[in-house]
2 protein chains.
Amino acid sequence: METLTSAGHSLYFESNLDALKTLLESNKYSKVFVLADEHTSEICLPLFQSLLDDFSEFDLIETSAGEENKNIDFCIGIWKTLLDFEADRKSLMINLGGGVITDMGGFIASTYKRGIDFINVPTTLLSQVDASVGGKTGIDIDNVKNMVGTFTLPQMVFIETAFLKTLPERELLSGFAEMIKHGLIYDKPYYEKLKASNYLIPAAEDIYRSVEIKNEVVTIDPHEKNLRKILNFGHTIGHAVEGYSLANDENPLTHGEAIAIGFICEAALSIKNSTLTKEELNDISGYILSLYPKYHIKKESFDTLFELMQSDKKNEDGNILFSLLEKTGKCTFNCRVSTANILSSLDYYNSL
Amino acid sequence: METLTSAGHSLYFESNLDALKTLLESNKYSKVFVLADEHTSEICLPLFQSLLDDFSEFDLIETSAGEENKNIDFCIGIWKTLLDFEADRKSLMINLGGGVITDMGGFIASTYKRGIDFINVPTTLLSQVDASVGGKTGIDIDNVKNMVGTFTLPQMVFIETAFLKTLPERELLSGFAEMIKHGLIYDKPYYEKLKASNYLIPAAEDIYRSVEIKNEVVTIDPHEKNLRKILNFGHTIGHAVEGYSLANDENPLTHGEAIAIGFICEAALSIKNSTLTKEELNDISGYILSLYPKYHIKKESFDTLFELMQSDKKNEDGNILFSLLEKTGKCTFNCRVSTANILSSLDYYNSL
Ligand SMILES: NC(=O)c1ccc[n+]([C@@H]2O[C@H](COP(=O)([O-])OP(=O)(O)OC[C@H]3O[C@@H](n4cnc5c(N)ncnc54)[C@H](O)[C@@H]3O)[C@@H](O)[C@H]2O)c1
Ligand SMILES: NC(=O)c1ccc[n+]([C@@H]2O[C@H](COP(=O)([O-])OP(=O)(O)OC[C@H]3O[C@@H](n4cnc5c(N)ncnc54)[C@H](O)[C@@H]3O)[C@@H](O)[C@H]2O)c1
Ligand SMILES: [Zn+2]
Ligand SMILES: [Zn+2]
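Residues numbered from 1 in each chain as written. Chains lettered and ligands numbered in written order. Predicted model: local features only at pLDDT ≥ 70, side-chain atom pairs only at ≥ 80, totals over all residues. Heavy atoms only, no water.

A.B. asks: Can you walk me through the UniProt feature "domain: 3-dehydroquinate synthase N-terminal" (unreviewed entry) in chain A in this structure?
C.D. replies: In the numbering adopted here, UniProt assigns the feature "domain: 3-dehydroquinate synthase N-terminal" (unreviewed entry) to residues 62-172 of chain A. Its end C-alpha atoms 23 Å apart, residues 62-172 of chain A is made of 33% helix and 23% strand. (UniProt positions renumbered as here; feature names shortened; annotations may be inferred. Helix = DSSP H or I, 4+ residues; strand = E, 2+ residues; numbered from the N terminus.)

What follows is the structure in structure tokens.
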């Protein structure tokens with residue numbers, strides 16, 4: 001596979017392992033730290049080390065797994081650990097894990113002593129096709145997602161599909177939703193290809209295509225002033241549903257499950273507020289429901305969902321802004337939508 | 001006075017008040033927040049508002065005054081306040097205060113929702129000639145100074161010398177040390193001019209010259225890879241003495257008093273490890289001691305001071321690196337110095 005170059009860093013696929021080795025052997029760094037969570041330190045670190053000829057010249061920093069640990073307390077602990085381990089400005093941090101680790105590790109590295117280099121080694125499908133690409137770092141505060149963070153590009157993103165072999169099915173499906181999104185907003189043939197594929201064994205070339213799409217979009221608009229907003233397709237409603245489910249359901253939706261619901265609702269909005277056709281909506285709804293479990297969006301949650309959408313950080317001047325499909329494979333952004341239409345898109349989902 | 005333009009922002013002096021007014025009236029911002037400490041909200045805010053024709057379209061966020069409050073707990077509180085007040089990505093933060101406010105406010109703004117615009121309105125001499133210029137933001141963790149921060153340029157720096165009228169003498173003297181530093185490292189005639197001036201009434205044109213020097217240096221090297229290090233002259237030993245004094249003295253040294261000691265010690269190092277002459281050292285020591293109270297560096301503190309220097313964030317690979325004077329008005333950086341020379345420079349100071 002090729003190497004994609006974006007505004008300041010490179011995205012490396014398996015065959016570019018050599019570039020990673022060279023960087024680590026260059027003696028450019030005074031110290032190397034690997035940040036992993038309790039799972040990835042056990043499951044992924046051995047593979048990572050073996051790929052790098054039993055690489056062992058690093059200090060391991062291990063955190064607890066899960067979104068609830070992507071918080072400021074863990075950051076403070078890790079900043080202090082870096083200091084205790086005498087990390088200086090020439091130190092390197094390698095974030096080995098899912099999006100929680102790459103988001104939080106990126107934030108920690110981009111602010112420790114005003115910024116040290118970091119490399120992302122994403123080990124979940126979601127982080128390979130989404131979280132580790134594009135320079136967004138962040139942590140949650142009081143359960144408000146990514147309330148604090150920076151835009152900082154990693155030195156390198158190393159994507160190795162072998163990590164995915166140990167990933168639970170539900171996690172694979174969660175990441176796969178972002179791949180579907182890339183097709184829906186940017187590349188209809190890719191969307192059709194995914195429809196014919198098996199999400200349980202994501203093909204390296206599909207992961208590559210997703211990374212390529214995301215990279216293309218964020219390189220054009222790194223700070224989400226315009227085009228990058230199309231990556232939020234499905235996420236305005238999806239995030240609200242995800243937040244509600246997290247607070248209320250015993251077995252909450254994954255991010256992918258939630259944005260899959262968002263795809264359907266926002267595709268429904270797209271036929272009212274953009275140019276998507278009813279046939280395209282039916283196709284999308286049908287495909288999504290063939291993959292993702294049907295969820296019931298409770299009537300009594302509608303007000304809360306609406307409030308959650310209003311507090312979405314992508315809004316400006318209090319208006320809820322949507323990214324909507326013009327057609328399968330093309331997305332527009334900054335669309336204002338009436339409250340009635342938003343609520344009826346939730347009804348539409350429930351009616352399926 | 002003129003407007004200095006650097007890599008991405010402008011530094012405005014009094015006469016450019018109009019530019020600030022225009023920015024605030026442009027309706028570019030959804031909300032404006034003023035961050036001030038308990039003193040500046042009382043002493044400086046009224047003047048700031050009156051300069052801006054009784055500007056009142058903002059929410060005030062007030063913090064406690066003092067370095068001990070430049071910490072992560074205050075950041076968390078202010079991030080949450082911003083969220084409660086519905087600050088979005090198009091909000092503006094105005095940091096009105098000394099270096100504590102501009103450093104912490106800059107860090108908060110540069111990370112809230114991955115970064116919102118901010119303006120620095122420095123109200124101490126130190127923050128006018130140093131802290132508010134150059135894009136370094138930061139907070140302390142466990143009393144480790146600026147352990148966490150970012151490099152982010154404010155949208156604008158508005159410098160108004162009228163704020164200085166209420167500043168205590170000791171604070172004026174503290175900021176004046178940075179001005180002396182600018183002369184010592186970059187501009188001998190300016191140093192001579194300062195020697196003939198009255199620090200109690202700092203001239204706007206001298207403040208302007210200091211800002212110009214700092215701005216020139218940081219524009220060449222924003223991320224302190226090389227030239228910017230000359231701004232650390234006096235600070236390697238100065239920071240150690242400052243930290244020691246803070247932990248041990250009843251009435252601790254100010255930053256300026258501490259780096260003034262650093263100037264003398266590092267000038268002494270400069271005659272051994274660089275090309276400064278004995279006559280120049282005598283001149284510097286004499287001038288500094290005519291302004292700043294003599295301090296006694298206790299013999300039993302030498303070990304602690306040395307450890308503090310070793311943990312300085314400017315070091316690489318465990319080596320203590322100094323910025324030393326080649327002559328009055330010219331500084332070099334990345335100088336290694338023997339432990340013996342460091343210790344004898346402390347003895348030299350004590351012997352004066
Ligand atoms: N920065 C961005 O642009 C961006 C984009 C999308 C999502 N995100 C963030 O990503 C996070 C979600 O990422 P995620 O879904 O990867 O979650 P995650 O990091 O919590 O990983 C999910 C679980 O899988 C485990 N795991 C990781 N790799 C594994 C492997 N190879 N085998 C077995 N188990 C493994 C983890 O330990 C964890 O328990 C969220 O915090 C979200 O905000 C960021
Ligand atoms: N970012 C940088 O490049 C940089 C450079 C140098 C220093 N700094 C930082 O600056 C901080 C020190 O700044 P400082 O000396 O301005 O301290 P400060 O902000 O604590 O101000 C000193 C005191 O003066 C008060 N004050 C402020 N303006 C006043 C006025 N006009 N009249 C009366 N009182 C006033 C404040 O309330 C405070 O009590 C340190 O945290 C240091 O790390 C940063
Ligand atoms: Zn997503
Ligand atoms: Zn200083």
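A.B. asks: How should I be thinking about the site of ligand 2 in this particular structure?
C.D. replies: Residues and elements named next belong to chain B. Neighbouring residues of ligand 2: 25 residues in total, closest D37, E67, T123, T124 and T166. One of the side-chain nitrogen or oxygen atoms of D103 is found 2.9 Å away from a nitrogen atom of ligand 2. One nitrogen or oxygen atom from the side chain of T166 is found 2.7 Å from a nitrogen atom belonging to ligand 2. For the shell around ligand 2, the secondary-structure elements that each account for two or more residues are helix 2 (40-43), helix 5 (99-111), helix 6 (125-131) and strand 8 (144-148). Residue composition of the shell around ligand 2, grouped by class: 8 nonpolar, 8 polar and 9 charged. (Near = heavy atom within 4 Å. Polar contact = N/O pair within 3.5 Å; in protein donor to acceptor, adjacent residues only side chain to side chain. Nonpolar A, V, L, I, M, F, W, Y, C, P; charged D, E, K, R; others polar.)

A.B. asks: Even after reading the chapter, I still don't get the packing of helix 7 (residues 169-186) of chain B against helix 9 (residues 204-220) of chain B, so can you show me in this structure?
C.D. replies: When two helices pack together, you describe them by how their axes are tilted relative to each other and by the distance separating the axes. Residue and element names in this part refer to chain B. Between helix 7 and helix 9, whose axes approach to 10 Å, the crossing angle comes to 55 degrees. One way to sum up the angle between helix 7 and helix 9 is to call them oblique. Here the hand of the crossing between helix 7 and helix 9 comes out left-handed. The segment helix 7 lies against helix 9, with M179, H182 and Y186 engaging D206, I207, S210, I213, K214, E216 and V217. Partitioning the contact of helix 7 with helix 9 into residue classes produces 5 nonpolar, 2 polar and 3 charged. (Axes fitted to C-alpha atoms, helices over the stretch in contact; angles between N-to-C directions. Parallel < 35°, antiparallel > 145°, perpendicular 65-115°, else oblique. Left-handed = near helix turned anticlockwise from the far one by under 90°. Contact = heavy atoms within 4.5 Å.)

A.B. asks: Looking at this structure, I do not really get the pairing of strand 9 (residues 156-159) of chain A. What am I missing?
C.D. replies: The two faces of the sheet receive side chains in turn, since in a regular strand these alternate between them. Residue and element names in this part refer to chain A. Judged by which residues are buried, strand 9 turns out to be covered on both faces: M156 and F158 on one side and V157 and I159 on the other are all buried. Where strand 6 (residues 117-122) meets strand 9, 2 bridges bridge the pair, whose relative direction is parallel. Its bridge partner lying in strand 9, N120 is registered against V157. (Buried < 20%, exposed > 50% of the residue type's maximum accessible area, 1.4 Å probe, protein only. Pairing = 2+ DSSP bridges.)

A.B. asks: Would you mind showing me how to read the domain arrangement of chain A here?
C.D. replies: It is common to give the size of an interface as the accessible area lost on bringing the parts into contact. All names here are of chain A. The assigned domain composition of chain A is domain 1 (2-166) and domain 2 (169-351). Summed over both partners, the interface of domain 1 with domain 2 buries about 2,100 Å², with 68% contributed by carbon and sulfur atoms. Taken together, the links from domain 1 to domain 2 amount to 2 salt bridges. For K214, the salt bridge goes to D130, with nearest N and O atoms at 2.7 Å. (Domains from an automatic or database assignment. Buried area = accessible area lost by both parts, 1.4 Å probe. Salt bridge = Lys/Arg side-chain N within 4 Å of Asp/Glu carboxyl O.)

A.B. asks: How do you make sense of the coordination of the zinc ion (ligand 3) when you look at a structure like this?
C.D. replies: Reference geometry at the metal: tetrahedral coordination by four donors gives ideal angles of 109.5 degrees; octahedral coordination by six donors gives 90 or 180 degrees. Residues and elements named next belong to chain A. Coordination sphere of the zinc ion (ligand 3), protein contribution only: E178 (OE), H235 (NE2) and H255 (NE2), at 1.9 to 2.1 Å. Each donor residue of the zinc ion (ligand 3) lies on one chain, and together they are spaced E-x56-H-x19-H. With a gap of 57 residues between them, E178 in helix 7 (residues 169-186) and H235 in helix 10 (residues 235-248) connect regions that are remote in the sequence. (Donors = N, O, S within 2.8 Å, 3.2 Å for Na, K, Ca; no water.)

A.B. asks: Explain the site of ligand 1 to me, please; I cannot follow it from the model alone.
C.D. replies: Residues and elements named next belong to chain A. In the vicinity of ligand 1 lie 25 residues, with D37, E67, T123, T124 and T166 positioned nearest. Between ligand 1 and T123 there is a distance of 2.7 Å, counted from a nitrogen atom to a side-chain nitrogen or oxygen. A131 is positioned such that a nitrogen or oxygen atom in its backbone is 3.3 Å from a nitrogen atom of ligand 1. The fraction of the free accessible surface of ligand 1 (860 Å²) that becomes covered by protein chains is 88%. Where the shell around ligand 1 is concerned, the elements lending two or more residues are helix 2 (38-43), helix 5 (99-111), helix 6 (125-131) and strand 8 (144-148). For the shell around ligand 1, the per-class residue count stands at 8 nonpolar, 8 polar and 9 charged. (Areas by Shrake-Rupley, 256 points an atom, 1.4 Å probe, with all protein chains shown as cover.)

A.B. asks: Where do I start with the relation of the copies chain A and chain B in this structure?
C.D. replies: Superposition of the two copies of the chain requires a rotation about an axis together with a shift along that axis. Rotating chain A by 180 degrees and moving it 0.0 Å along the rotation axis overlays it on chain B with an RMSD of 0.0 Å. Taken together, the turn and the small shift mark the pair as related by a two-fold rotation axis. (Least-squares fit on C-alpha atoms with pLDDT ≥ 70 in both.)

A.B. asks: Can you help me understand the interface of chain A and chain B in this one?
C.D. replies: Contact with chain A, which involves 32 residues of that partner, is made by 32 residues of chain B. Between chain A and chain B, a total of about 3,100 Å² is buried, with carbon and sulfur atoms accounting for 61% of that surface. Taken together, the links from chain A to chain B amount to 4 salt bridges. E224 of chain B serves as the salt-bridge partner of R89 of chain A, at 3.6 Å between the closest nitrogen and oxygen. Our count for the chain A to chain B interface comes out at 8 residue pairs in polar contact (both at pLDDT 80 or more). Elements with a contribution of two residues or more to the side of chain A that touches chain B: helix 4 (72-84), helix 5 and strand 8 of chain A. When residues in the side of chain A that touches chain B are grouped by element, the largest group, 5 residues, is from helix 4 of chain A. Its residues placed into classes, the side of chain A that touches chain B shows 11 nonpolar, 9 polar and 12 charged.

A.B. asks: Explain the state of the cysteines here, please?
C.D. replies: Simply put, disulfide is the name for a covalent bond between the sulfur atoms of two cysteines. Residues and elements named next belong to chain A. Taken as a whole and assessed by the stated rule, the structure comprises 0 disulfides over all chains. Unpaired in this structure, C335 has its nearest cysteine sulfur neighbour in C331, at a distance of 7.5 Å. Note on C335: relative accessible area 12%, which makes it buried. (Disulfide = S-S within 2.5 Å.)

A.B. asks: I keep staring at helix 7 of chain B and nothing clicks. Help me out?
C.D. replies: Given 3.6 residues per helical turn, the α-helix brings residues three or four places apart onto the same face. Compared with the 26 Å implied by 1.5 Å per residue over 18 residues, the 26 Å span of helix 7 of chain B between its first and last C-alpha is a close match. Counted residue by residue, helix 7 of chain B has 14 buried out of 18 residues, so it is predominantly covered. (Expected span 1.5 Å × (residues − 1).)

A.B. asks: What should I look at first to understand the pattern of salt bridges in this one?
C.D. replies: Pairs can form between side chains of opposite charge whenever their charged atoms are close. Within this structure, the stated rule accounts for 40 salt bridges over all chains. The shortest N-O distance in the salt bridge between D117 of chain A and K28 of chain A comes to 3.9 Å. Highlighted residues: D117 of chain A in strand 6 and K28 of chain A in the loop between helix 1 (17-25) and strand 3 (32-37), separated in sequence by 89 residues. By relative accessible area, which is 22% here, D117 of chain A ends up partly exposed. A salt bridge links E257 of chain B to R170 of chain B, with the nearest nitrogen and oxygen atoms 2.8 Å apart.

A.B. asks: Is there a simple way to think about the pairing of strand 10 (residues 321-327) of chain A in this case?
C.D. replies: All names here are of chain A. Burial within strand 10 is extensive, with 5 of its 7 residues counted as buried. Judged from the 5 bridges that link them, strand 10 and strand 11 (residues 330-336) form a sheet pairing that is antiparallel. Paired with L324 across the bridge in strand 11 is T332. Connecting strand 10 to the antiparallel partner strand 11 that follows it, the hairpin turn spans 2 residues, and G329 within it adopts a positive phi of roughly 100 degrees.

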